[in-house]
Structures are given as structure tokens and as C-alpha cells.
Amino acid sequence: MTAKVTLSFSDETIEEARRFAKREGLSLSAWMDQAAREKALREVFTAHAAAVGRAGLDLESAALADAQEAAMIDDALFGGGPRAA
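Residues numbered from 1 in each chain as written. Predicted model: local features only at pLDDT ≥ 70, side-chain atom pairs only at ≥ 80, totals over all residues. Heavy atoms only, no water.

By volume, the largest pocket amounts to about 380 Å³. The dominant element in the lining of the largest pocket, judged by the number of residues it contributes, is helix α2 (residues 28-54), at 5 residues. (1 Å grid on protein atoms, 1.4 Å probe; cavity = no way out; pocket = protein on both sides within 12 Å on 5 of 7 lines; lining within 4 Å. Points joined across faces, edges and corners; volume = space filled by probe spheres on them. Helix = DSSP H or I, 4+ residues; strand = E, 2+ residues; numbered from the N terminus.)

With 13 residues, helix α1 (residues 11-23) extends 18 Å from end C-alpha to end C-alpha; this agrees with the ideal 18 Å at 1.5 Å per step. When α1 is considered as a whole, its buried residues turn out to be Ile14, Ala17 and Ala21. On an axial view of α1, the arc spanned by its buried residues comes to 60°, and they lie on one face. Turned more than 90 degrees from where α1 packs its buried face, Asp11, Glu12, Arg19, Lys22 and Arg23 sit exposed. Structurally, α1 contributes buried residues whose contacts are with α2. Phi turns positive one or two residues past the end of α1, at Gly25, with a value near 70°. (Expected span 1.5 Å × (residues − 1). Buried < 20%, exposed > 50% of the residue type's maximum accessible area, 1.4 Å probe, protein only. Arc of directions from axis to C-beta. Contact = heavy atoms within 4.5 Å.)

Let us now look at the packing of aromatic side chains. Tallied over the entire structure, the rule returns 1 aromatic pair. Centre to centre, the rings of Phe20 and Trp31 are 5.8 Å apart; their planes meet at 15°, and the pair counts as stacked. Of this pair, Phe20 sits in helix α1 while Trp31 is found in helix α2, placing the two residues 11 residues apart along the sequence. (Phe/Tyr/Trp six-rings, centres within 6.5 Å; stacked < 30°, edge-to-face > 60°.)

Take a nonpolar patch on the surface next. Together, Val5, Leu7 and Phe9 make up a nonpolar patch on the protein surface, roughly 310 Å² of accessible area in all. Position of Leu7 relative to the elements: it lies in the segment before α1. Owing to a relative accessible area of 58%, Leu7 belongs among the exposed residues under this scheme. (Patch = residues over 30% accessible without salt bridge, like charges linked within 9 Å, V, L, I, M, F, W, Y side chains within 5 Å. Areas by Shrake-Rupley, 256 points an atom, 1.4 Å probe, with all protein chains shown as cover. Salt bridge = Lys/Arg side-chain N within 4 Å of Asp/Glu carboxyl O.)

Encoded structure:
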């Protein structure tokens, strides 16, 4: 579904948008739709990262610890050598 809306942009902004759309082989409408969607997703991901930080979760350290644990298990099971296929 597509909604038609009327928007106003500065001359500089619309010229840059047209240039980027042309470079990417998109219509101006398609490029603006994609740009707005990407901005909305960045906002959601930024808010999520902030919530994770406020909760005191350190997901990067947890992922690294998981990788280290998996390596230790591989070493114990397979002797540190390459796994047999």
C-alpha cells in the first residue's frame, strides 16, 4: 500500500536527495521512502541499545565469553586440532 503525501523540503535538501536517488537508480519517491525507513530503524536500534545499556547488560562481553567457552570445549573434545569433517 502506498500513501500520497505532500512534503516541503529546502531546495538544498531536495537537490541532494535527487542526486542520491539518481546515483542509486531509484525514483525520488523510492529513495525518500528508503531514507525515512532507515532513519526510523536507526531510531529504534538506538533506543534499544540505550535500554540495554541502562539495564546494565554487556552483550559484547557475554558474546566473547560464549566464544571463549566454545573454544575451550572444542579444545577439550578435539585436542585443539582441526575438527574432522
